[in-house]
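# Overview (structure and organization)
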Amino acid sequence: DVVVPVTAIVADLNATTTSLSADDPFSVIVGIRNPNNPDIFFGQQGVSAAAAPLTLTLTSSDPAVGLLSTQTQAPAASLTLDLEAGQSRTPTSVANGGAAFDPVGGGQTTVNATAPGFDAVFPREVTVNQPAITIQDFRGFQNNVGAGLEQEYRLTLGGADHGGVTVTITSGNAGTALLAPNATTAGAGTLDVFFADGQTIQTFIVQGVAPGTVTLTASQALFTDGTADIDVVVPVTAIVADLNATT
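Residues numbered from 1 in each chain as written. Predicted model: local features only at pLDDT ≥ 70, side-chain atom pairs only at ≥ 80, totals over all residues. Heavy atoms only, no water.

## Let's talk about the nonpolar core
One finds Ile135, Leu155, Ile169, Phe204, Val206 and Ile230 to be the most contacted residues of the largest nonpolar core, which totals 26 residues. Elements with a minimum of two residues in this core: strand E13 (133-136), strand E15 (150-157), strand E16 (165-171), strand E17 (177-180), strand E18 (190-195), strand E19 (201-208), strand E20 (212-219) and strand E21 (226-233). Dropping the residues within four chain positions of it, Phe204 is found in contact with Ile135, Gln151, Glu152, Tyr153, Arg154, Leu155, Ile169, Leu179, Ala180, Pro181, Leu191 and Leu216. The next biggest cluster of nonpolar side chains, apart from the first, holds 21 residues, and it includes Leu54, Leu56, Ala99 and Phe101. (Core = buried A, V, L, I, M, F, W, Y, C linked by side-chain atoms within 4.5 Å. Buried < 20%, exposed > 50% of the residue type's maximum accessible area, 1.4 Å probe, protein only. Helix = DSSP H or I, 4+ residues; strand = E, 2+ residues; numbered from the N terminus. Contact = heavy atoms within 4.5 Å.)

## Considerations on the side chain of Asp137
Mapped onto the elements of the fold, Asp137 is located in the loop between E13 and strand E14 (144-146). This buried residue, Asp137, is left without a salt bridge; Arg139 holds the nearest opposite charge, at 7.0 Å. Among the polar contacts listed, one links the side chain of Asp137 to the backbone nitrogen of Phe141, at a separation of 3.1 Å. In terms of polar contacts, Asp137 uses its side chain to reach the backbone amide nitrogen of Asn143, at 2.7 Å. Once residues within four sequence positions are removed from consideration, Asp137 is found in contact with Gln142, Asn143, Asn144 and Tyr153. (Lys, Arg positive; Asp, Glu negative; His and termini not counted. Salt bridge = Lys/Arg side-chain N within 4 Å of Asp/Glu carboxyl O. Polar contact = N/O pair within 3.5 Å; in protein donor to acceptor, adjacent residues only side chain to side chain.)

## Examining the side chain of Ser60
As for its position among the elements, Ser60 is in strand E6 (residues 54-60). In this structure Ser60 touches Gly66, Leu68, Ala77, Phe101, Thr109 and Thr110, once residues within four positions along its chain are discounted.

## Section: the layout of surface pockets
Of the volumes computed, that of the largest pocket is approximately 170 Å³. Taken together, Pro5, Val30, Gly31, Ile32, Gln45, Gly46, Val47, Ser48, Ala51, Leu54 and Phe118 make up the lining of the largest pocket. The dominant element in the lining of the largest pocket, judged by the number of residues it contributes, is strand E4 (residues 28-34), at 3 residues. Classifying every residue of the lining of the largest pocket gives 7 nonpolar, 4 polar and no charged. (1 Å grid on protein atoms, 1.4 Å probe; cavity = no way out; pocket = protein on both sides within 12 Å on 5 of 7 lines; lining within 4 Å. Points joined across faces, edges and corners; volume = space filled by probe spheres on them. Nonpolar A, V, L, I, M, F, W, Y, C, P; charged D, E, K, R; others polar.)

## Details of the environment of Gln87
By the secondary structure assignment, Gln87 is in the loop between strand E8 (78-83) and strand E9 (99-103). Residue class for Gln87 comes out partly exposed when judged on its relative accessible area of 33%. Excluding residues within four positions of it along the chain, Gln87 makes contact with Val30, Gln45, Gly46, Val47 and Asp82. Only 2.7 Å separates the side chain of Gln87 from the backbone nitrogen of Glu84, close enough to count as a polar contact.

## As for the pairing of E15
Bridging between E13 and E15 involves 4 bridges; their strand directions are antiparallel. The residue of E15 that forms the bridge with Ile133 is Leu157. Examined bridge by bridge, E15 and E19 share 7 bridges and lie antiparallel to one another. The residue bridging Glu150 from the neighbouring strand is Gln207, located in E19. (Pairing = 2+ DSSP bridges.)

## Observations concerning the pairing of E20
Strand direction decides the pairing type here: E16 and E20, joined by 4 bridges, are antiparallel. Bridge pairing links Ser171 to Leu216 in E20. Sheet topology places E20 next to E21; 7 bridges connect them, and they run antiparallel. Counted as the bridge partner of Thr215 is Asp229 from E21.

## A short note on the sheet that holds E20
Pairing in this open sheet of 5 strands is mixed, and the strands run E14-E21-E20-E16-E18 from one edge to the other. Pairing within the sheet leaves two strands with one partner each, and these edge strands are E14 and E18. Across the sheet, the mean angle separating the axes of adjacent strands is 25° when strand polarity is ignored. (Axes fitted to C-alpha atoms, helices over the stretch in contact; angles between N-to-C directions.)

## Considering the packing of aromatic side chains
Evaluation of the coordinates by the stated rule reveals 1 aromatic pair. In this structure, Arg154 is placed above the aromatic ring of Phe138, and the distance from its NZ or CZ to the ring centre is 4.2 Å. (Phe/Tyr/Trp six-rings, centres within 6.5 Å; stacked < 30°, edge-to-face > 60°. Lys NZ or Arg CZ within 6 Å of the ring centre and 35° of its normal.)

## Some remarks on the sheet that holds strand E10 (residues 107-114)
Read across the sheet, 5 strands follow the order E2-E12-E10-E6-E8 without closing on themselves; strand pairing throughout is mixed. Every other strand in the sheet has two partners, leaving strand E2 (16-18) and E8 as the edge strands with one partner each. Geometrically, the sheet is characterised by an average inter-axis angle of 25° between neighbouring strands, direction not taken into account. Both E2 and strand E12 (residues 124-129) contribute to a ladder of 3 bridges, which runs parallel. In the sheet register, Thr17 faces E12, and the bridge partner there is Val128.

Put into C-alpha cells, the structure is as follows:
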C-alpha cells in the first residue's frame, strides 16, 4: 500500500527547558504511521530520488517562548531544512546542518515540521520555565524604611548563565519611595541594575519619601518579575546610650 507519509519531531528535543538554557539541537524524521495504530510512528523511510530534495518547514507556535535556528538561519519562528535522496532524518547537530530550539521566555510552544504531501502528526510541546528575581531586605528591617531615610536592599537572580542582563526596578509610587544605585545618589522612580554574565547578586538603595506602602517591581525578560511591598514609616530620633544618666 502507498500511504500518506508523516513528519515527526524526535525526542531529542527536550520537553522542558528554561529561558537561561543553551539552545537545544533536535532533528526531524520522515516515515509512515503504524498501519494498525495511526497515532504511532511506524518507522523512518528515506526520501525517494524522484521526490528529492524534500523541503521541511519547521515552526514554533509562540516565538515569545522559543525560536528556531540553524548555522545559516538566524533565530526565527520559522525556517526550512532540506532532505536529499535517501535521507530520512535531518542532522542532529547545528554544526552538521541541523536545527536548534532557542528558549526565549516563559510559556509553552509547539514545535512542528511540515512538508508538501506529508501529515504533520507528531509535533513536540516545549515548556520554557523562567527563574525568578527576588528583592530582599537583608538588613532585617522587615521592609520598613523611614521617610527621609534610606536602606540597602539586595536584588538576586535565580540563574547565572544569562549572558549579562539589565534588571529594571520600578517604584509603584515615587511619592512614597525612590530608588538609587548607592547611598550618596538622589533616587528616582526607576533604576537599572546591570548583572555581568555569571553574576546573580547586586544591591541598591530604597529611599523613603513619605509614609505609605509601595510595591517595588524588578523586571527582566529572561526572568519572572520580583516584587516587594515596602512600608515607609514615620522616622524617630533617639538619645543613644553613651550619654550617661548621672554625673
